[in-house]
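Residue strings, one per chain:
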Amino acid sequence: MALFATAMLVGTRYGYHRDELYFMACGQRLAWGYVDQPPFTPAVARLASEVFGNSLPGLRVFPALAGVAVLVLLALLVRELGGGRRAQLLAAGTAALIPLFHTPAMVLSTTTFDLVVWGACLVLAARMLRTGDDRLWLAIGAVAGVGLLNKHAVVFLVLGLVAGLLMSSKRSLLLRPTALAGGVLALAIWAPNLWWQARHGWPVFEMSEALQAKNASALGILLCLPGVLVLAGVTSVVIWGPGLWWLVRARDAASFRALGGLALVVTVSMTFLGGKSYYLAPVVFVLLAAGAIVIERQDAVLRRVAVAAAVAAGVFTLPFSVPILPADALGPVISVNAEFGEMYGWPELTDQLADAYRRLAPAERAHAVVLTANYGEHGAVVHYGGGRGLPEPYSGHNDLWWWGPPPATTTAVVAVGLPPETLSQHFRSVEVVGFVTNPAGLDNEEAGQPIVLARGPLAGWDVIWPALRRYG
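Rules used throughout
- Position numbers for residues count from 1 along each chain, tracking the sequence in the order it is written.
- Where local features are concerned, this predicted model is filtered to residues with pLDDT of at least 70; where side-chain atom pairs are given and counted, the filter is 80 or more; whole-chain, interface and lining totals use all residues.
- Note that the side-chain values use all heavy atoms of the structure and ignore hydrogens as well as water.
- In summary, the pairing rule links any two rings of Phe, Tyr or Trp, Trp by its six-membered ring, whose centres are within 6.5 Å, and it sorts them by plane angle into stacked for under 30 degrees, edge-to-face for over 60 and tilted for everything else.
- Numbering of helices and strands starts at the N terminus; helices are DSSP runs of H or I of at least 4 residues and strands are runs of E of at least 2.
- Relative accessibility thresholds used throughout: buried, under 20% of the residue-type maximum; exposed, over 50%; partly exposed, between the two (1.4 Å probe, protein chains only).
- Charge over a ring is defined by NZ of Lys or CZ of Arg lying within 6 Å of the ring centre and within 35 degrees of the ring normal.
- By this rule the span expected of a helix is its residue count minus one, scaled by 1.5 Å.
- pLDDT measures the predictor's confidence residue by residue and takes values from 0 up to 100.
- A residue counts toward a patch only above 30% relative accessible area and without a salt bridge, and it is joined to like-charged neighbours within 9 Å or, for Val, Leu, Ile, Met, Phe, Trp and Tyr, to nonpolar neighbours within 5 Å.
- Calculation of accessible area relied on Shrake-Rupley with a 1.4 Å probe; when residues are assessed, cover is drawn exclusively from the protein chains displayed.
- In what follows, salt bridge is the name for a side-chain nitrogen of Lys or Arg lying within 4 Å of a carboxyl oxygen of Asp or Glu.
- Cavity and pocket criteria rest on a 1 Å grid covering protein atoms alone: a 1.4 Å probe that fits but cannot get out defines a cavity, protein on both sides within 12 Å along at least 5 of 7 lines defines an open pocket, and an atom within 4 Å of a point defines a lining residue.
- Grid points are joined across faces, edges and corners, and a volume is the space filled by probe spheres set on the points.
- Residue classes follow a fixed rule: Ala, Val, Leu, Ile, Met, Phe, Trp, Tyr, Cys and Pro count as nonpolar, while Asp, Glu, Lys and Arg count as charged, and any other residue, Gly among them, counts as polar.

## Side note on the packing of aromatic side chains
Pairs of aromatic rings are described using the distance from one ring centre to the other and the angle between the two planes. The full count for this structure, using the stated rule, is eleven aromatic pairs. Where F40 meets F113, the ring centres are 5.4 Å apart and the plane angle is 70°; that geometry is what we call edge-to-face. One end of the pair, F40, is in helix α3 (residues 40–52); the other, F113, is in helix α7 (residues 110–131), and 73 residues separate them in sequence. You can call F113 buried: its relative accessible area is 11%. Measuring from centroid to centroid gives 6.4 Å for F101 and F285, while their planes differ by 55°, and the two rings are tilted. Of the two residues, F101 sits in helix α6 (residues 99–102) while F285 sits in helix α15 (residues 281–296), which places them 184 residues apart along the sequence. Taken together, the aromatic side chains of Y22, F23 and Y375 make up a single cluster linked through ring pairs. The ring of Y471 is capped by R469, whose NZ or CZ atom sits 4.7 Å from the centre of that ring.

## Here's the deal with helix α18 (residues 346–357)
Its twelve residues place the ends of α18 17 Å apart at the C-alpha level, agreeing with the 16 Å of an ideal helix rising 1.5 Å per residue. Within α18, burial applies to W346, L349, T350, Q352, L353, A354, A356 and Y357.

## As for the confidence of the model for the protein
Per-chain confidence: the protein averages 91 in pLDDT, with 97% of residues scoring 70 or above. Of all helices and strands in the protein, the one with the weakest mean pLDDT is helix α1 (residues 2–9) (73), whereas helix α8 (residues 136–148) scores best (98).

## Some remarks on a nonpolar patch on the surface
On the surface, a nonpolar cluster with roughly 640 Å² of combined accessible area is contributed by L229, V234, V237, V238, V301, L302, V305 and F316. Contributions of two or more residues to the nonpolar patch are made by α13 (237–249) and α16 (300–321). Counting residues per element, the nonpolar patch draws most heavily on α16, which supplies four residues. Relative to the elements of secondary structure, V237 occurs in helix α13.

## A word on empty space enclosed by the protein
In this structure the tally under the stated criterion is three cavities of 30 Å³ or more. Here the largest cavity defines a volume of roughly 60 Å³. Contributing to the lining of the largest cavity are T111, D114, L115, K151, A153, M270, Y278, Y279 and P282. With three residues, α7 is the largest single contributor of residues to the lining of the largest cavity. By residue class, the composition of the lining of the largest cavity is six nonpolar, one polar and two charged.

Here's what the structure looks like:
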């Protein structure tokens, strides 16, 4: 429970992450899908608000519990692969120390629950490989179906498992009727989200293209695997590194070759499709379990070296993965882990927008809205703006565009993050009234963004709104 306690006591230090603000806003508009994610995580955000109110610690309860579940599933996977108690403790203890696994436990995100889904499917697959009980395909299908309602990357889990089985002596499991039944069950559970995508013109593909254009550069591909080493604390490779060898080469791991194939297929797919380094956390999950078994079978000296490597990984990455430093000392940290910077300054940003809004004459305010460049800014205004007298926010970013344009009577906007030259194409008067700052002077994504008063639309919102749509 140390991970849960750390997440609850320390993880709330800075504030909401931009993604959390977005999930909370989406949770107030529950749907079977969104442009940039399926419905599960926004639904969890809504559940947290219903149970705990608009509370940051309350929102973080669910990711903290998910983080604990990941560690339990990792220990169960070790057991299914034949590892004893020492191996289970080594694998789970290492995961609790490294950012790949403990950081998602501190922030509500799709990755948080995706790890639980992958972990559960991997445990079920390992048991099926060990026992030959093909009825477990139904359980795998059910878990994968729920996972697809959270993150579409579960498709890579399914494809990796199929490819891994084809490369192993257990390929006959794919021919069992229960394998088809499990696939049908997964599709049935996923169907509402597929239906939403179809009704909205399959925006998932346009969104994927936008993300791939951003992330799938040659440099991004080259840095993906080194990034995994950094997020795993480098020295922990002493534990999970031998795991791949064991799964692919060791005689006593012959029954589990499919998991080694899965790890290879997912690594190659995620890397070359422009995946971020943390997308490979499930691969490290598998290798940690297998590597811990290898270490358990070594002499006491090598086991102590492995434990020291795990502790060193945790100590080395601690300032970059756990919110222990004061905000004004985060400058060097966010150059490595930018996510901390995205947890800071949202109330102050909203205050600055409220100051700009008050510059408008009372008659203008009656027909004004807030226009934001991205979902973090939008979520901040939704969460904090009501108490500061701000009107409803609108944005052309991702799913927010689908929530519709401002009322046709809108004649003025308080805009944040949108270039003045862009606004000049749509408004008669464009006035930059300030730039976003935060008390600690952090160089995060919002710092320095313009705050603009734009008046007098040059066309109707039915013309302006399509031009403001942006996926990414």
